[in-house]
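What follows is the residue order along each chain.
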Amino acid sequence: MDKIAVLIPCYNEEKTIAKVVSDVKKFLPEAVTYVYDNNSTDRTVELATEAGAIIRHEYAQGKGNVIRRMFREIDAECYLMIDGDDTYPLDCAREMVAKVLEHQAFARNNSNARYSQEFKNSLNYLFCAFAEDTKLTEQERKELIKFIDEL
């Protein structure tokens with residue numbers, strides 16, 4: 001299990017992905033950085049690899065598919081999901097991660113390997129904020145909500 005996993009869904013982000021991965025290494029050097037490629041046709045994978053990211057793939061097109069795969073495959077104490085287009089500055093990442101790790105706001109219930117209701121509520125809240133900033137289809141939104149409910 002990773003202590004901190006930085007998850008970066010990507011589709012054709014060659015212009016910015018190297019900077020994003022470098023910023024993660026700068027601000028959270030102890031984090032494991034995963035770039036999830038969603039069928040990019042540019043140099044996204046090559047540049048992310050050169051910058052030090054672990055590359056994973058989701059071949060079913062769509063950000064919802066990528067997000068589902070990320071949370072199914074990666075086990076971590078703390079997740080930080082950012083976009084590969086350098087939308088979010090990482091200068092506050094350390095503080096955000098510390099709040100999660102110190103207060104265990106999103107604690108996993110280890111007794112039955114399911115996530116706590118508090119985690120699900122927080123994830124639903126974050127998903128709602130995320131969905132407003134993206135162009136997810138209604139079907140992708142429903143699938144994400146279903147995935148969160150099944151955690």
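Everything discussed here concerns the structure shown above.
This text gives an overview of the structure that appears in the document.

Basis of the calculations
- Residues numbered from 1 in each chain as written.
- Predicted model: local features only at pLDDT ≥ 70, side-chain atom pairs only at ≥ 80, totals over all residues.
- Heavy atoms only, no water.
- Salt bridge = Lys/Arg side-chain N within 4 Å of Asp/Glu carboxyl O.
- Helix = DSSP H or I, 4+ residues; strand = E, 2+ residues; numbered from the N terminus.
- Buried < 20%, exposed > 50% of the residue type's maximum accessible area, 1.4 Å probe, protein only.
- Pairing = 2+ DSSP bridges.
- Axes fitted to C-alpha atoms, helices over the stretch in contact; angles between N-to-C directions.
- Contact = heavy atoms within 4.5 Å.
- Arc of directions from axis to C-beta.
- 1 Å grid on protein atoms, 1.4 Å probe; cavity = no way out; pocket = protein on both sides within 12 Å on 5 of 7 lines; lining within 4 Å.
- Points joined across faces, edges and corners; volume = space filled by probe spheres on them.
- Nonpolar A, V, L, I, M, F, W, Y, C, P; charged D, E, K, R; others polar.

The next point concerns the pattern of salt bridges. Applying the stated criterion across every chain, the model contains eight salt bridges. For the salt bridge of R43 with E46, the shortest nitrogen-to-oxygen distance reads 3.1 Å. Of the charged contacts, one joins K63 and D83 as a salt bridge, the two residues approaching to 3.0 Å between their closest N and O atoms. With K63 in helix α3 (residues 63-73) and D83 in the loop between β4 (76-81) and α4 (93-103), the pair connects residues that are 20 residues apart, well separated along the chain. With a relative accessible area of 24%, K63 lands in the partly exposed category.

The sheet built from four strands is open, its strands ordered β3-β2-β1-β4 with parallel pairing. Edge positions in the open sheet fall to β3 (54-57) and β4, since each of these has one partner strand only. With strand direction ignored, the average angle separating the axes of adjacent strands in the sheet is 30 degrees. Of the pairings in the sheet, the one linking strand β2 (residues 32-37) to β3 comprises four bridges and is parallel in character. By the bridge assignment for β3, Y34 is matched with I54. Lying over the sheet, helix α2 (residues 44-51) contacts β1 (2-10), β2 and β3, oriented at roughly 150 degrees with respect to β3.

What follows deals with helix α1 (residues 17-27). Those residues of α1 that fall on the buried side of the exposure criterion are I17, V20, V21, D23 and V24. When α1 is viewed along its axis, its buried side chains cluster within an angular range of 155 degrees and face the same direction. Lining the buried residues of α1 we find β1, β2 and α2.

Our next topic: the environment of V100. Position of V100 relative to the elements: it lies in helix α4. With 23 residues separating them in the primary sequence, V100 and E77 have C-alpha atoms 8.6 Å apart.

In this structure, the second largest pocket encloses a volume near 220 Å³. If you go around the second largest pocket, the residues you meet are P9, C10, Y11, E13, N38, Q61, G62, K63, V66, D83, G84 and D85. Mapped onto the lining of the second largest pocket, the elements with two or more residues apiece are β1 and α3. In terms of residue class, the lining of the second largest pocket is built from four nonpolar, four polar and four charged.

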